[in-house]
Amino acid sequence: MTHTAVDGAYAPTADYAHAIEVSGAQRLLFVSGTMGLDPAGVAGATLDEQLTLLWDNLRAILAAADMTVDNVVRLTSYLRDVDYAQANAAARTRALGGRVIPTTAIVVQTLSPEWLVELEIVAAG
């Protein structure tokens with residue numbers, strides 16, 4: 001996977017890339033929106049708890065497909081509040097070990113008021 005340079009576009013910030021090229025991938029995994037819920041389906045009480053649970057859930061989903069967070073090539077964040085953007089970006093950066101990927105954050109009303117953030121990813125392997 002290589003990041004592509006984009007001439008004539010604004011510079012990305014340090015925590016994402018404009019684009020990523022995937023060559024030679026034999027599998028693509030499209031993961032539904034995933035929330036910060038515990039195994040009983042209960043949302044974490046705080047944003048930080050939900051972000052931790054969310055990434056734990058994504059790791060489990062990826063592991064079921066014999067993948068890891070290293071296989072993630074695209075991420076969309078759905079945030080209940082714009083104020084969650086910085087914590088979400090920090091959690092993503094930690095989870096990906098500093099690796100940057102194309103990402104989009106959208107502020108939305110989530111399906112349930114206690115869901116503060118939802119992520120959907122694409123992974124390639």
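Criteria and thresholds
- For every chain, the first residue of its written sequence is number 1, and the numbers climb from 1 along that sequence.
- For a predicted model such as this one, the threshold for reporting local features is a pLDDT of at least 70, and the threshold for listing and counting side-chain atom pairs is 80 or more; totals across whole chains, interfaces and linings nevertheless cover every residue.
- Based on all heavy atoms of the structure, the side-chain values leave hydrogens and waters out of the count.
- A helix here means a DSSP run of H or I that spans at least four residues, while a strand means a run of E at least two residues long, and both kinds are numbered starting from the N terminus.
- N or O atoms closer than or at 3.5 Å make up a polar contact, with two conditions inside protein: a donor-capable atom paired with an acceptor-capable one, and, for residues adjacent in sequence, both atoms drawn from side chains.
- Contacts between residues were defined by any pair of non-hydrogen atoms, one from each residue, lying within 4.5 Å.
- Each pair of strands is called paired provided DSSP finds at least two bridges between the two strands.
- Between N-to-C directions, angles span 0 to 180 degrees; the directions come from axes that are lines fitted to C-alpha atoms, helices contributing only their stretch in contact.

**So, the side chain of Ser 77**
Move 1: Note on placement: Ser 77 falls in strand 4 (residues 72–79).
Move 2: Of note is the side chain of Ser 77, whose polar atom sits 2.9 Å from the side chain of Asn 88.
Move 3: Aside from chain neighbours lying at most four places away, what touches Ser 77 is Asn 88, Thr 104, Ala 105, Ile 106, Glu 118 and Leu 119.

**Observations regarding the sheet that holds strand 3 (residues 28–35)**
Move 1: Taken in spatial order, the four strands line up as 3-6-4-5 in an open sheet, and their pairing is mixed. In this open sheet, the two strands that pair with only one neighbour each are strand 3 and strand 5 (103–107). Pairs of neighbouring strands in the sheet enclose a mean axial angle of 10°, with direction left out of account.
Move 2: Bridging between strand 3 and strand 6 (residues 117–124) involves six bridges; their strand directions are antiparallel. Bridge assignment links Phe 30 to a residue of strand 6, and that residue is Val 122.
Move 3: Of the strands in this sheet, strand 3, strand 4 and strand 6 are in contact with helix 1 (residues 47–64), which crosses strand 6 at around 25°.
Move 4: Contacting strand 4, strand 5 and strand 6, helix 2 (residues 85–95) crosses the sheet at an angle of about 155° to strand 4.

So far we have only geometry, and geometry alone does not tell us how the molecule works.
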